[in-house]
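What follows is the residue order along each chain.
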Amino acid sequence: MQANVTGTIYIVDDDEDFRDSMQWLLESASHEVITFPSAQAFLDNFNGEIGCMLLDVRMPEINGLALQQIMQDRDIQMPIIVLSGHGDIPMAVSAMKHGALDFLEKPFDDEVLLRLVDKALKRADEMRHEQGELNEIQICYESLSRREKEVMNLVVTGKANREIAEELGISPKTVEVHRARVMSKMRASSLPVLVQQAARLTETA
């Protein structure tokens, strides 16, 4: 059985037998797997490589929900599949509300898990791509001069060159020059693209 997508799968579960079983299953499907016996072990050893996570919700010291919150606080972004026992379903639902991709109730069918892992790794790949695009937008934005940033921030609100000129105390012709430089430096093919870029920058500010 060959994996459809690549990426590291992090298993965080305090049950050693379960970790070993899941590692064998996933590696037999050609996935790269790293296991951790606790949330703290993951936090201490995570190397920053985006992948997906199989996360047990009920663990001593730091449970799955707490780890999920710590990851959000540290901006560790990856798709999480929450694993729950029968009595842990309310916790799993709570984890879903806080951004987990899906949850599985133990025991579960191996094929169901493999399908979910493929889905999670595809989402992780999309997140890598989105982060790369955002990094490029941020680099382009930092290349703008202070005045060009001012012009861009007003352009994306829909203001015309004359309105921008009045607000900044410069000529409409100067606004036109700055606007052209903004479009070029931001590599924006149109005003809607520039507006989308500005929105993404605002979301991460």
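All figures in this text were calculated on a predicted structure; none of them were measured in a lab.

Caption draft 1: Highlighting the packing of helix H6 (residues 146–155) against helix H7 (residues 161–168). It is at 10 Å that the axes of H6 and H7 come closest, and there the two elements cross at 130°. Taken together, the axes of H6 and H7 are oblique relative to one another. Note on packing geometry: the crossing formed by H6 with H7 is right-handed. Residues Arg-147, Glu-150, Val-151, Leu-154 and Val-155 of H6 pack against Ile-164, Glu-167 and Leu-168 of H7. Looking at the contact of H6 with H7, its residues break down into five nonpolar, no polar and three charged.

Caption draft 2: Quick peek at the pairing of strand S2 (residues 32–36). Where strand S1 (residues 8–12) meets S2, five bridges bridge the pair, whose relative direction is parallel. If you follow Tyr-10 over to S2, its bridge partner there is Ile-34. The parallel pair S1 and S2 is bridged by helix H1 (residues 16–28), and the resulting crossover is right-handed.

Caption draft 3: Structural detail: the packing of aromatic side chains. For the structure on display, the rule yields six aromatic pairs. When the centroid spacing of 6.3 Å and the interplanar angle of 25° are considered together, the rings of Tyr-10 and Phe-36 count as stacked. Of this pair, Tyr-10 sits in strand S1 while Phe-36 sits in strand S2, and the two are 26 residues apart along the sequence. The residues Tyr-10 and Phe-36 share a single accessibility class, namely buried. Their ring planes at 85° and their centres at 5.4 Å tell us that Phe-36 and Phe-42 sit as a pair that is edge-to-face. With respect to class, Phe-36 is no different from Phe-42; both count as buried. The ring of Phe-18 is capped by Lys-106, whose NZ or CZ atom sits 4.3 Å from the centre of that ring.

Caption draft 4: Focus on the packing of H6 against helix H8 (residues 172–185). The interhelical angle for the contact between H6 and H8, taken along N-to-C directions, is 90°, at an axis separation of 9 Å. Between H6 and H8, the angle falls in the class roughly perpendicular. The segment H6 lies against H8, with Arg-147, Glu-148, Val-151, Met-152 and Val-155 engaging Val-175, His-178, Arg-179, Arg-181, Val-182 and Lys-185. When its residues are assigned to classes, the contact of H6 with H8 shows five nonpolar, one polar and five charged.

Thresholds, definitions, all that
- Residues numbered from 1 in each chain as written.
- Predicted model: local features only at pLDDT ≥ 70, side-chain atom pairs only at ≥ 80, totals over all residues.
- Heavy atoms only, no water.
- Axes fitted to C-alpha atoms, helices over the stretch in contact; angles between N-to-C directions.
- Helix = DSSP H or I, 4+ residues; strand = E, 2+ residues; numbered from the N terminus.
- Parallel < 35°, antiparallel > 145°, perpendicular 65-115°, else oblique.
- Left-handed = near helix turned anticlockwise from the far one by under 90°.
- Contact = heavy atoms within 4.5 Å.
- Nonpolar A, V, L, I, M, F, W, Y, C, P; charged D, E, K, R; others polar.
- Pairing = 2+ DSSP bridges.
- Right-handed = clockwise from strand over helix to strand, strands pointing away.
- Phe/Tyr/Trp six-rings, centres within 6.5 Å; stacked < 30°, edge-to-face > 60°.
- Buried < 20%, exposed > 50% of the residue type's maximum accessible area, 1.4 Å probe, protein only.
- Lys NZ or Arg CZ within 6 Å of the ring centre and 35° of its normal.

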